[in-house]
Every structure is written in structure tokens, then in C-alpha cells.
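Results of the structural survey
One-letter residues, chain by chain:
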Amino acid sequence: MEIFSSIFSFFKKKEKYPYAPLVIEKVILPAFFDDRKIDNVRRIDVDETNLKDYELFNFGENFVLYFENEISADSDNYIRQNYTDLREQFYNKGRDFFYLPILLENIDFEILPALKSTFPFLSDNFNNLIIDELKTTRFDYDSILLDFIHFIAYKGDISKGCISSNNGYTIVERKNGESIEKFFDGYIENLNTNDSYSGVRFYSLKKDSEEDDNIKRQTVESLSFINNEIERLRKSGQLAILAPKIYDFLKKNIEGVIYNNIHPMIISEDYKILIPECNNLEIKLSHLTKAIYLLFLNSSEPINLKELYLYKDSLFKIYKNISNQNSLDKIRETIDELVKENNEEIYVHIARIKKAFLVHFSEFIAFKYYITGEKGKPKQILLEKEMIIFECPEL
């Protein structure tokens, strides 16, 4: 029927937006941008790229990435010698700065301890072989940069410069003959920090507001049509017959929505992890995995996984409250085993938590909800505390 056709059209994935090169002369910009190429790319669905499982590209929202198709020795030396200072300067502008060669040298291989825990018969030599293979093949600079360019759907010809996030991506060229130091000085100086939405902002040279208005208008028209069709069916007496089918169709599609905004989280009285603004979404985890998640969620400080034993009592209390296990001895035994030195089971739970959120949120948003942190450093959940509401008994 026509109503199903309309509903189906409403839930169809929106077409990808091609990149749109910008003409600098038409925009009033500081002198730094004179005769400098700037391209703008609309964000596309990352799940359709070969990078959907790349932890390496978990940059978050507030990032700037420097790239060159072929890294020169001068650029590499300058960035490495000034990396800490550059990151601080970008941080003061509300950004996280990344440089692929350094990232590649510090890849987090924490999944390998999880592998070893799951398959204890694998030898250390075999695991080392995996690491060596990953470092020498999958994670070489040329292929990773090519993948990232594919990831952001960039089809322009800028070969070196900075890529920043901006409801998509903005690529600012470093001109030929321009020193790397001069480029960074001008780029950082001209980063805009005024933004009513989040307090930080990236180069935003053009927004296709007419296109956005058309999408909003079409959405309103679609909803109006669906409403009129449902009213017509109600008056004709057919709605009672079709309602279950319409409900099943809507439920199936709504449950498959990938959310692309951050929403408040509620821990209910019975310890359910709920995100009400996402159709009352519940993040389902096993009891022990949920206990670990709630420990991190409730912690005011990052947690060093090698010092997990310090949180044994807290974990016991949380697990006792949410577990179906009646034996306190069994509960304590489970927690004691989890926090043992060199027990790498914790990485398995962290991976499960991450996967649970990636089912429902885009990678640009999910990282705020799951447990994250640099290799060898304490882990935490980045979701702002004011976004977390505990309705459950005190943890």
C-alpha cells in the first residue's frame, strides 16, 4: 500500500553528499588563507567504509590531523620535536592534534592479551608474530593515509595540510614552499573558538543551509503524508487490520537506528543502562561486564587497569547488587579472579562494552560512552558527569 511505500521512503538512508570545493575569494577570511586551497567534505556513514573497526581512527569530535602524501624529513622532524607543544597549542584551541606516523608507532594492541586469554594455547612467539605482522603490513603510513582519505570521502587534490572535523571535514592546504613552522603558526592562530553549540569550533567556511532546509521540509511533508494516510485508514476501518504490520515495521526500523548525537544516560533503580532520548534505548551487558562498566561510570578519576585490585570492594558491591548469583562466596571468587595481577580478562569486558555501544551509535559518538584511554595509561569514560543520572542505590 501507498502508506508503506511512504514509510519505507522515510526510513531510507539519505544519499551521500559529495565534497564541495570552496572558493576562497567568496569568503571573508584572514590573510593566512590568501591563495590557499580549502576543501570541505560532508560527513558520510563510516559503517560503509573499510575503517569501521579501526580503533586507530577513534579521534573523537574535536580533532585536527596533519598529513602529507609523502612525509618529508623536515616536516617529520619538526612535528616530532615539537609534538607535545603542538598538542598543547591545539588543546588551548579546543582541539586534539594527531600525527599518523606517531600514532602508528603507538598502536594499542590490547586485543592481543584478550586473544591470549581466550586461546591460552597460543604461544608468545605466535602473538609476537601477529604484532610484527600488523606493524609491518596493515599499519604502514601510505596505506593508512589512503584509507583515511577514503574514510572521509575526500576527492580533492590537496596533498599536504591539516584535516579538521566540521560536521564533516575541512582540509586546509599547506602551500608549496611554505615552512612547516609557518604553516602551523598561521593555522593555529586562525582557529576559531567561538561557537554557541559546544564552545569549540573548526574551520567552517560554507554550510549548505538550503540543502538542509530542503531535507527538513521533505521530512515534514513525509510525516504529514503518513499522518493523513493513517487517518484515512482509521476512518475506513482498515487501520485495525494494518496496525500490527505498521507497528512491526516501525519497531524493526527504529531499533536499527544509528544515533549520531550524545544523549543523557540513566542508570535505573534496577541497574539498567538506559538512554531515554534514543527511543528509551537499553544497553544490554552481562552482569559482570555491567559491573565493570558501572565502576568506570561512577569513578571520578581514570582507572589504571594494572591497579584494578584497588577497586575490588567496589566491584564486589556493584556485582552483588546486579548479579543473579545467590552465593556471596561465588561472587567474591569471581571478583578476586578478575582483579588478579596479569589477568587479562578485563580487556575482553572492555571490548564487549565498546561493541555494545557501536551497535547503536556512530563511531563519532560511541567513544564518549565506552571505556577508552591511551595504551598503558589509565582508562575512563569520557561522557560528561552531568549527562549521567543514577537512579539506582548508591554504587
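The following refers to the structure shown. Quick caveat: nothing in here was measured; it's all calculated off a predicted structure.

Here we come to the overall build of the protein chain. When helices and strands are tallied, the protein chain shows 15 helices and twelve strands. Out of the 395 residues belonging to the protein chain, those deemed buried represent 43%. Summarising the internal contacts of the protein chain: among those between residues at least 6 apart in sequence, 69% fall at separations of at least 24. Summed over all atoms, the accessible surface of the protein chain reaches about 22,600 Å², with 49% contributed by carbon and sulfur.

A few words on the side chain of Asp76. Residue position: Asp76 is located in helix H2 (residues 73-81). Here Tyr99 takes part through its side chain, which lies 2.7 Å from a polar atom of the side chain of Asp76. Apart from the residues within four sequence positions on either side, Asp76 is in contact with Ile71, Tyr99 and Pro101.

This part is about H2. If you check which residues of H2 are buried, you get Ser75, Asp76, Tyr78 and Ile79. All buried residues of H2 fall inside an arc of 165° around its axis, so they share one side. Of the residues in H2, the exposed ones pointing more than 90 degrees away from the buried face are Ala73, Asp74 and Gln81.

Take helix H8 (residues 180-189) next. Residues Ile180, Phe183, Phe184, Gly186, Tyr187 and Ile188 constitute the buried set of H8. In this structure, the buried residues of H8 make contact with strand E3 (63-68), H2, helix H3 (83-92), strand E4 (96-99), strand E5 (160-165) and strand E6 (168-173).

A few words now on the packing of H3 against H8. Across the interface, H3 lies against H8 with an axial gap of 10 Å and an inter-helix angle of 20°. In terms of axis orientation, H3 runs roughly parallel to H8. Every pair of crossing elements has a handedness; the one defined by H3 and H8 is left-handed. Taking contact as the criterion, the partners of Leu86, Gln89 and Phe90 in H3 are, on H8, Phe184, Tyr187 and Ile188. Of the residues contributing to the contact of H3 with H8, the split by class is five nonpolar, one polar and no charged.

Within E6, six of the six residues are buried, leaving the element largely enclosed by the surrounding structure. Of the two faces of E6, both are covered, the one formed by Gly168, Thr170 and Val172 as well as the one formed by Tyr169, Ile171 and Glu173. Relative to E6, E5 runs antiparallel, the two being bridged by five bridges. Bridge assignment links Ser165 to a residue of E6, and that residue is Tyr169.

Attention shifts here to the sheet that holds strand E7 (residues 265-267). Strands in a sheet are paired, the pairing made by backbone hydrogen bonds, and the direction either parallel or antiparallel. Spatial strand order, E9-E8-E7-E12: four strands in an open sheet with mixed pairing. What marks the edges here is a single partner per strand, and that holds for strand E9 (281-283) and strand E12 (388-390). This sheet shows a mean twist of 25° between the axes of neighbouring strands, independent of strand direction. Where E7 meets strand E8 (residues 273-275), two bridges bridge the pair, whose relative direction is antiparallel. Paired with Ile266 across the bridge in E8 is Leu274. Against the sheet, helix H11 (residues 287-298) touches E7, E8 and E12, its axis set at about 115° to E7.

Basis of the calculations
- Residues numbered from 1 in each chain as written.
- Predicted model: local features only at pLDDT ≥ 70, side-chain atom pairs only at ≥ 80, totals over all residues.
- Heavy atoms only, no water.
- Helix = DSSP H or I, 4+ residues; strand = E, 2+ residues; numbered from the N terminus.
- Buried < 20%, exposed > 50% of the residue type's maximum accessible area, 1.4 Å probe, protein only.
- Contact = heavy atoms within 4.5 Å.
- Areas by Shrake-Rupley, 256 points an atom, 1.4 Å probe, with all protein chains shown as cover.
- Polar contact = N/O pair within 3.5 Å; in protein donor to acceptor, adjacent residues only side chain to side chain.
- Arc of directions from axis to C-beta.
- Axes fitted to C-alpha atoms, helices over the stretch in contact; angles between N-to-C directions.
- Parallel < 35°, antiparallel > 145°, perpendicular 65-115°, else oblique.
- Left-handed = near helix turned anticlockwise from the far one by under 90°.
- Nonpolar A, V, L, I, M, F, W, Y, C, P; charged D, E, K, R; others polar.
- Pairing = 2+ DSSP bridges.

Purely geometric stuff here, so don't read any function into it on its own.
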